[in-house]
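Understanding the architecture of this molecule
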Amino acid sequence: MKRILVCEDEDVIREFVVINLKRVGYEVYDVNCGEEALRVFDAANGNFDIVLLDIMMPGIDGFQVCKELRKRSSTIGIIMLSAKTQEMDKVNGLMIGADDYITKPFKLGVLVSRINALLRRAKDFGSSTDTELQSNGIKVLLLQGQAFKNGELLDLTAAEYKLLCLFMQNPNTVLSKEQILDKLWDCEGNYIDSSTLTVYMRRLRMKVEDNPSEPQMLLTVRRMGY
């Protein structure tokens, strides 16, 4: 059973999410502040598949909690929940390591679909028949879920790792934004937009390119994709 940690300070929203996620079969734990989220996460030795994380909370806000969770785990799925609708807030959340960003109010079906897409993405990339990918000084060990640049381990989030794998499994091939979104997030591409993909590409380039502002491996092909 997949384990989800819900961190939300609004009691009504938290109880609604917890009750309904339990109904669809998840094991759910809930807290009402960032400090408690980190305490519970540490007490469980990080044994969660997904963290649903509100941004606007008293004390430690969701952005800081996200940063702390990423220090503890590069593979945990993090979905940020927020009433803040500005594009910059979304970009900030994704840049510090969140895998997804959902704006309140949201429908239960959308939340469940986004959770399932994130879990499915992890499962799909664990089923490759290859065990190792190499290109331009980058090596990916698929069985271990690790990536290296010139022999040094890369600190990649789950989303960054899977995006890197997708490109390395399709060398010298232009992938459209739609193809990438469909493969990595949702089978119909309904829930993740192209601006989110742009942020992920920026994050990945910062970690694999020698000069992210002048990329040599992860290239943008105008009007076509990457």
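Here's a quick rundown of the structure.

Here is what the cut-offs are and how they apply
Residues numbered from 1 in each chain as written. Predicted model: local features only at pLDDT ≥ 70, side-chain atom pairs only at ≥ 80, totals over all residues. Heavy atoms only, no water. Helix = DSSP H or I, 4+ residues; strand = E, 2+ residues; numbered from the N terminus. Rg over C-alpha atoms; globule rule 2.2 N^0.38 Å. Buried < 20%, exposed > 50% of the residue type's maximum accessible area, 1.4 Å probe, protein only. Contact = heavy atoms within 4.5 Å. Polar contact = N/O pair within 3.5 Å; in protein donor to acceptor, adjacent residues only side chain to side chain. Pairing = 2+ DSSP bridges. Axes fitted to C-alpha atoms, helices over the stretch in contact; angles between N-to-C directions. Arc of directions from axis to C-beta.

**Observations regarding the overall build of the protein chain**
- When helices and strands are tallied, the protein chain shows eight helices and nine strands.
- Taking 17 Å as the expected radius of gyration for a compact globule of 226 residues, we find that the protein chain reaches 17 Å, a close match to that expectation.
- Taken along its principal axes, the extent of the C-alpha atoms in the protein chain is 50 × 35 × 30 Å.
- Per-residue burial over the protein chain gives 48% buried out of 226 residues.
- Contacts in the protein chain between residues at least 24 apart in sequence constitute 60% of all its contacts with a sequence separation of at least 6.

**Structural notes on the environment of Asp 61**
- Residue placement: Asp 61 occurs in the loop between strand S3 (50–54) and helix H3 (62–72).
- Take Asp 61: its relative accessible area is 30%, and that puts it in the partly exposed class.
- For the pair formed by Asp 61 and Leu 5, sequence separation is 56 residues and the distance between their alpha carbons is 16 Å.
- For Asp 61, the side chain forms a polar contact with the main-chain nitrogen of Phe 63, separated by 3.2 Å.

**Comments concerning the sheet that holds strand S7 (residues 138–141)**
- In spatial order, the strands read S6-S7-S8-S9; together these four strands make up an open sheet with antiparallel pairing. The two strands at the open ends of the sheet, each matched to only one other strand, are strand S6 (132–135) and strand S9 (152–153).
- Summarising the sheet, strand S8 (residues 146–149) and S9 pair through two bridges and their orientation is antiparallel. The partner of Lys 149 across the bridge, within S9, is Glu 152.
- Along the sheet, helix H6 (residues 158–168) makes contact with S6, S7 and S8, crossing S7 at roughly 110°.

**Section: helix H2 (residues 34–43)**
- Among the residues making up H2, those that are buried are Gly 34, Ala 37, Leu 38, Val 40 and Phe 41. In a view along the axis of H2, the buried residues occupy a sector of 165°, so they form one face of it.
- Packing partners of the buried residues in H2 comprise strand S1 (3–7), strand S2 (27–31) and H3.
- The first or second residue beyond H2 is Asn 45, which carries a positive phi of 55°.

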